Amino acid sequence: MIRFMYRAIGWQLLFSFCSHYFINQALYAQYDQVWIFGQGAGLDFSGGDPKAIISSINGYGEGSASVCDKNGLLLFYTEGSIVWDKYGNKMQGGDNLVPLRSRTDYTTTSITCQGTIIIPQHGNNNRYYVFSLTSAEQQNDAGRLYYSVIDMNLNNGLGGVMGNEKGILLDSGLKEQMTSVVGEQCNVWLMVRSSENVFKAFSISRSGINRTPELSNVDIGLKGMLSTGQMVVSPDRRKLVAVHALGLGQPSGSIELFDFEPKTGKVTHSITLERKDACYGAAFSANSTKLYASVLYEGSLYQYDLDAAAPAASKKFIGKIDPVSQLKLATNGKIYGLSSSSTLFTVNSPNSVGSSCQFIPDAVPLQAGSKMHMGGLTNVINYVIETEGNPIVTYIEAPCWFNGAIGYTLQTADEGWDYIWDDGSTGKSRTIYKPGRYSVSYYTAPCTKHIDSFVFSTPYGVIPQIHRESSCPNSANGKAWVQNRYPGDTVQYHYVWRNKQNDILSTSDTLDRVAAGFYSLQVTTVSCDTTLWLEIQELNEKTDFSSDSLLCVGDTTWLHNKSGSYYHDFYWRANGNLFSTATQSYYVAKQPGVCMLQLIGQGAICRDTAYKTITVDSMLHTMFLPSHDSICLGEPVTFQILQRDATIVSQSWLIGDMHFGQQPGSSFWEYAFDNSGTQVVTLRTNYRACPVFDFSEALLVEALPLVDLGRDTQLCLNGSVFALGNKHILTSVRYLWSTGDTSDIIRIKYPGHYYLTAYSVGLGCSSTEGIAVRKNCY
């Protein structure tokens with residue numbers, strides 16, 4: 001059934017491809033309604049048969065082109081180097097289209113057989129390419145191909161040559177042959193031929209000129225450059241003829257017939273129709289079965305039957321014409337050429353054989369004042385016309401379409417290009433996964449846009465979509481349920497859910513409150529039955545947060561929530577007590593000891609708890625007690641540490657600028673001062689988390705009394721008594737001599753050792769000095 005549908009579509013497309021070109025031929029006619037040629041000559045075909053008109057064109061009269069708008073009204077005309085508007089005035093910027101100095105009395109292009117051609121731009125109805133080909137008489141500049149762009153929006157609608165796209169060189173080394181033909185992909189082929197007989201086809205499309213041509217090298221067996229003569233493509237675009245004259249070798253002329261492929265622009269399979277006389281003009285009949293050619297020096301018109309077994313042998317004389325005459329098939333289906341410099345002949349029925357073609361010489365007289373110096377007629381007009389193809393709707397039924405995961409492939413015609421589906425995808429096919437209407441746009445040759453549709457239906461059922469929710473760890477709260485793939489599905493489905501042991505768990509569209517694991521779903525309709533396997537996974541979402549692990553009482557730690565996106569509600573607890581429900585929070589340490597922080601995350605079904613332990617230190621002020629409040633200089637004092645804390649990291653003693661370490665486990669420290677006065681002692685304590693604490697006490701260190709009895713001395717026996725005392729005058733002291741005296745001075749009568757001890761009044765600090773008294777004087 002489906003294959004038959006696609007086959008029917010193929011036949012419809014094939015018919016549209018075959019008939020499309022002939023439909024477009026009628027559309028092209030309006031652009032070729034007015035011919036401007038020769039020297040001031042012109043023909044208007046708007047009434048069917050031509051009416052002679054006057055124009056401003058001048059030059060040698062060999063190469064010319066003109067174009068009309070979609071209503072058949074003249075827009076402009078040219079001989080390749082100069083452009084005139086519809087009123088016969090030189091167009092704005094319309095001179096010097098070829099940036100070369102001519103080597104003749106005429107422009108570089110008006111003396112070229114097919115010196116110019118006009119090709120409208122596809123996608124921009126107001127712009128036109130004008131191609132200009134220089135003649136063989138230009139010597140080193142011969143066969144150079146230029147192009148310019150005309151914008152009809154310029155100069156109030158009269159048109160003008162765009163300054164930045166004027167006289168652009170496209171190619172060189174060419175013969176005087178140039179024509180155009182509609183391609184197969186919304187393009188026009190500009191056909192030229194090199195001096196080495198290589199055909200070049202430049203593709204012109206919406207994207208512009210492809211400067212890299214398609215090349216066709218077909219050997220016709222002629223030597224030397226054949227410089228002039230028409231090149232024409234048949235109306236059915238399957239044949240190409242090239243006629244030659246003025247050959248630089250022998251023979252002097254020829255008529256060569258080739259096959260042409262409009263899709264690729266390729267020229268193949270040469271057939272020689274004439275290899276004797278110099279030939280100049282050529283034209284095909286409207287049905288492409290007859291070829292007409294003019295012999296240059298003989299002044300004769302001949303017909304060739306291309307349907308004959310031997311086309312060259314079918315040559316028939318038609319009539320006498322001007323020796324140098326181009327030929328052209330008009331929009332009315334007749335062929336015209338030059339009878340004389342002031343009249344044109346006509347072939348009224350070119351499709352007929354021999355004399356029945358109705359050759360009429362001097363059928364169309366030119367207007368007085370105009371003439372044909374050479375038999376050049378306007379070159380062909382070919383235009384990319386985008387048309388709309390008939391839409392095709394294909395209905396497809398898929399009974400029991402239970403392969404929804406694989407999808408169904410829609411296939412379009414193979415002959416097109418630029419496929420775009422309604423979802424933006426491209427390509428000739430598209431895979432769909434549900435019923436509905438689908439459309440695709442594409443182009444077929446030569447430029448027909450199609451918008452086709454596919455209606456895909458599944459009246460016997462479509463495998464439903466399975467949705468599932470994971471189960472929480474160590475729980476049985478997983479869930480799975482089915483949902484129709486498209487709205488409006490009225491098929492009755494029956495469901496059976498089973499576990500791995502094949503136990504039936506549910507016959508509804510939902511499987512609820514199950515643990516993580518594998519399950520099966522049997523789906524049944526009137527015509528379909530299938531079993532699907534599914535896995536309910538265990539949720540692997542965890543809560544997590546970061547914080548400081550050690551604090552001092554009163555400190556704050558920020559709690560950074562790093563939980564997965566599954567959780568949306570949060571609860572913060574400290575030692576079991578809730579203190580915040582914010583996503584991100586903080587904690588203030590109020591009590592010393594160990595604190596257990598919890599973050600509880602709640603999701604759609606599951607919840608999870610993360611734990612952190614924080615140690616909170618308290619700062620117990622460590623103090624000390626000295627064994628004395630006042631001491632004598634040099635007397636040791638003991639400092640007893642009164643309170644200790646397990647959070648202490650280190651301790652040290654500071655006296656002035658001196659620093660003394662203290663083992664954290666020691667409870668006492670002993671020190672003897674070597675300076676008197678008030679001395680400040682500080683105990684510095686460093687904790688794990690709490691700040692450094694200094695405890696200080698001041699002690700009075702009393703200086704020792706100064707005692708100096710002088711140097712040892714001598715005493716003469718029975719000599720005079722002398723006084724002995726402290727050389728320092730002290731107050732607030734008491735003295736004690738070794739003699740037992742307590743006076744300041746004692747008198748010495750006898751030799752011996754004497755000592756003086758001085759005691760301070762306050763602390764009783766003492767100093768003792770001795771002196772030796774010897775006897776002498778002998």
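Conventions and cut-offs
- Residues numbered from 1 in each chain as written.
- Predicted model: local features only at pLDDT ≥ 70, side-chain atom pairs only at ≥ 80, totals over all residues.
- Heavy atoms only, no water.
- Helix = DSSP H or I, 4+ residues; strand = E, 2+ residues; numbered from the N terminus.
- Contact = heavy atoms within 4.5 Å.
- Areas by Shrake-Rupley, 256 points an atom, 1.4 Å probe, with all protein chains shown as cover.
- Lys, Arg positive; Asp, Glu negative; His and termini not counted.
- Charge placed at Lys NZ, Arg CZ, Asp CG, Glu CD.
- Disulfide = S-S within 2.5 Å.
- Buried < 20%, exposed > 50% of the residue type's maximum accessible area, 1.4 Å probe, protein only.
- Pairing = 2+ DSSP bridges.
- Axes fitted to C-alpha atoms, helices over the stretch in contact; angles between N-to-C directions.
- Phe/Tyr/Trp six-rings, centres within 6.5 Å; stacked < 30°, edge-to-face > 60°.
- Lys NZ or Arg CZ within 6 Å of the ring centre and 35° of its normal.
- Patch = residues over 30% accessible without salt bridge, like charges linked within 9 Å, V, L, I, M, F, W, Y side chains within 5 Å.
- Salt bridge = Lys/Arg side-chain N within 4 Å of Asp/Glu carboxyl O.
- Core = buried A, V, L, I, M, F, W, Y, C linked by side-chain atoms within 4.5 Å.
- Polar contact = N/O pair within 3.5 Å; in protein donor to acceptor, adjacent residues only side chain to side chain.
- pLDDT = per-residue confidence, 0-100.

Engineer: Quick question: what am I supposed to make of the overall build of the protein chain here?
Structural biologist: Helix and strand counts for the protein chain come out as one helix and 65 strands. Once local pairs closer than 6 in sequence are excluded, the contacts in the protein chain between residues at least 24 apart make up 54%. Roughly 36500 Å² of accessible area belongs to the protein chain as shown, and the carbon and sulfur atoms make up 49% of that amount. Charged side chains of the protein chain number 58 positive and 68 negative; the gap between the two group centres comes to 3 Å.

Engineer: For this particular structure, what's the right way to read the state of the cysteines?
Structural biologist: Each disulfide consists of a covalent bond between the sulfur atoms of two cysteine residues. The full count for this structure, using the stated rule, is four disulfides. Here Cys472 is linked by a disulfide to Cys606, with a sulfur-sulfur distance of 1.6 Å. The sign of the -100° torsion about the S-S bond sets the Cys472-Cys606 disulfide as left-handed. Residue Cys472 is located in the loop between β37 (465-469) and β38 (478-483), and its partner Cys606 is located in the loop between β50 (593-602) and β51 (607-617); the two are separated by 134 residues in the primary sequence. Residue pairing for Cys552: its cysteine sulfur links by disulfide to Cys690, the two sulfurs lying 2.1 Å apart. Across the S-S bond linking Cys552 and Cys690, the dihedral sits near 95°, which makes this disulfide right-handed. Of the two residues, Cys552 is situated in strand β45 (residues 550-552) and Cys690 in the loop between β58 (677-687) and β59 (693-702); the sequence distance between them amounts to 138 residues. Assigned by exposure class, Cys552 and Cys690 land together as buried.

Engineer: For this particular structure, what's the right way to read the pairing of strand β48 (residues 577-580)?
Structural biologist: The side chains of a regular strand alternate between the sheet's two faces. Across three bridges, the pairing between strand β47 (residues 569-574) and β48 is antiparallel. Each residue of the ladder has a partner; that of Ala574, found in β48, is Asn577.

Engineer: Would you take a moment to explain the sheet that holds β51 for this structure?
Structural biologist: The strand order β45-β51-β50-β47-β48 describes an open sheet built from five strands, whose pairing is mixed. The outermost strands of the open sheet, each flanked by one partner alone, are β45 and β48. Strand-to-strand twist across the sheet, computed as the mean angle between neighbouring axes with direction ignored, equals 35°. Here β50 runs beside β51; their pairing, made up of 10 bridges, is antiparallel. Along β51, the bridge assignment pairs Gly593 with Val616.

Engineer: Honestly, the packing of aromatic side chains in this entry has me stumped. Any pointers?
Structural biologist: Ring pairs (aromatic) are described by centroid distance and by the angle formed between their planes. If you walk through the whole model with that rule in mind, you get 32 aromatic pairs. A centroid spacing of 6.1 Å and a plane angle of 75° characterise the contact between Tyr129 and Tyr147, whose relative ring orientation is edge-to-face. Taken together, the residues span a long stretch of sequence, with Tyr129 in strand β8 (residues 127-133) and Tyr147 in strand β9 (residues 145-151) at a distance of 18 residues. For the pair Tyr129 and Tyr147, a shared accessibility class is recorded, and that class is buried. Of note, Lys479 hangs over the ring of Trp481, and the distance from its end group to the ring centre comes to 5.2 Å. Cation over ring: Arg734 sits above Tyr759, and NZ or CZ is 4.4 Å from the ring centre.

Engineer: Looking at this model, I keep getting lost on a nonpolar patch on the surface. Mind explaining?
Structural biologist: Taken together, the side chains of Trp558, Tyr586 and Val588 make up a nonpolar region of the molecular surface, amounting to roughly 350 Å² of accessible area. Inspection of the secondary structure assignment puts Val588 in strand β49 (residues 585-588).

Engineer: Looking at this structure, how should I read the nonpolar core?
Structural biologist: Where a protein is soluble and globular, its nonpolar side chains tend to be buried together. By size, the foremost hydrophobic cluster in this structure holds 32 residues, and its most contacted members are Leu410, Phe456 and Trp497. Ranked by size, the runner-up nonpolar core spans 23 residues in total, among them Phe131, Val192, Ile204 and Cys447.

Engineer: Honestly, the side chain of His122 in this entry has me stumped. Any pointers?
Structural biologist: Its place among the elements puts His122 in the loop between β7 (116-120) and β8. Of the polar contacts made by the side chain of His122, one reaches the side chain of Arg206; its length is 3.4 Å.

Engineer: Looking at this model, I keep getting lost on the sheet that holds strand β54 (residues 636-641). Mind explaining?
Structural biologist: The pairing of strands in a sheet happens through backbone hydrogen bonds and is either parallel or antiparallel. In spatial order, the strands read β52-β54-β57; together these three strands make up an open sheet with antiparallel pairing. Looking along the sheet, the strands with just one partner apiece sit at the ends: β52 (624-626) and β57 (668-672). Direction aside, neighbouring strands of the sheet carry axes that sit 25° apart on average. In this structure, β54 lies alongside β57, joined through five bridges in antiparallel fashion. Its bridge partner lying in β57, Gln640 is registered against Phe668.

Engineer: Teacher, can you tell me more about the environment of Val83 here?
Structural biologist: Residue position: Val83 is located in strand β6 (residues 83-85). Once the C-alpha coordinates of Val83 and Pro323 are considered, the two residues, 240 residues apart in sequence, prove to be 28 Å apart. Sequence-distant contacts of Val83, that is, excluding residues within four places in its chain, are made with Phe76, Tyr77, Thr78, Asn89, Lys90, Met91, Gly94, Leu97 and Ile150.

Engineer: Would you explain the side chain of Thr458 in this entry?
Structural biologist: Secondary-structure assignment places Thr458 in the loop between β36 (448-457) and β37. Judged by relative accessible area, which is 2%, Thr458 ranks as buried. In this structure Thr458 touches Ala398, Trp401, Pro435 and Tyr486, once residues within four positions along its chain are discounted.

Engineer: Explain the confidence of the model for the protein chain to me, please; I cannot follow it from the model alone.
Structural biologist: Reading fine detail from the predicted coordinates is not recommended where pLDDT is low. With 93% of its residues at a pLDDT of 70 or more, the protein chain has an overall mean of 88. Low confidence marks residues 1-25, where pLDDT is under 50. Its contacts with residues over four positions away, or in another chain, come to 36 contacts.

Engineer: Mind showing me how you'd approach the pattern of salt bridges here?
Structural biologist: A pair can form between side chains of opposite charge whenever their charged atoms are brought close. For the coordinates displayed, the defined rule picks out 19 salt bridges. Arg206 is the partner of Glu386 in a salt bridge, and the nearest nitrogen-oxygen pair spans 3.3 Å. Within this pair, whereas Glu386 is found in the loop between β29 (359-365) and β30 (387-388), its partner Arg206 is found in the loop between β14 (198-205) and β15 (208-209), the two being separated by 180 residues in sequence. Sharing partners across several salt bridges, the network here consists of Asp422, Asp423 and Arg430.

Engineer: In this structure, what is going on with the pairing of strand β35 (residues 436-444)? I would like to understand it.
Structural biologist: As defined by bridge partners, strand β33 (residues 417-421) adjoins β35 across three bridges and the pair is classed as antiparallel. Directly across from Trp421, in β35, lies its bridge partner Val440. Here β35 hands over to β36 after three residues, the two strands then running antiparallel side by side.

Engineer: Which parts of the structure should I look at to understand unusual backbone geometry?
Structural biologist: Backbone geometry follows two general trends: most residues other than glycine have a negative phi, and most peptide bonds adopt the trans configuration. Following Ala445, the chain continues to Pro446 via a peptide bond in cis, the omega torsion being -10°. Following the sequence through the fold, Pro446 ends up in the loop between β35 and β36. Residue Cys186 is not a glycine yet carries a positive backbone phi of 55°. With respect to the helices and strands, the residue Cys186 is situated in the loop between β12 (174-182) and β13 (188-194). A positive phi angle is found at Ser288, which is not glycine, with a value near 65°. Relative to the assigned elements, Ser288 resides in the loop between β22 (279-284) and β23 (290-295).

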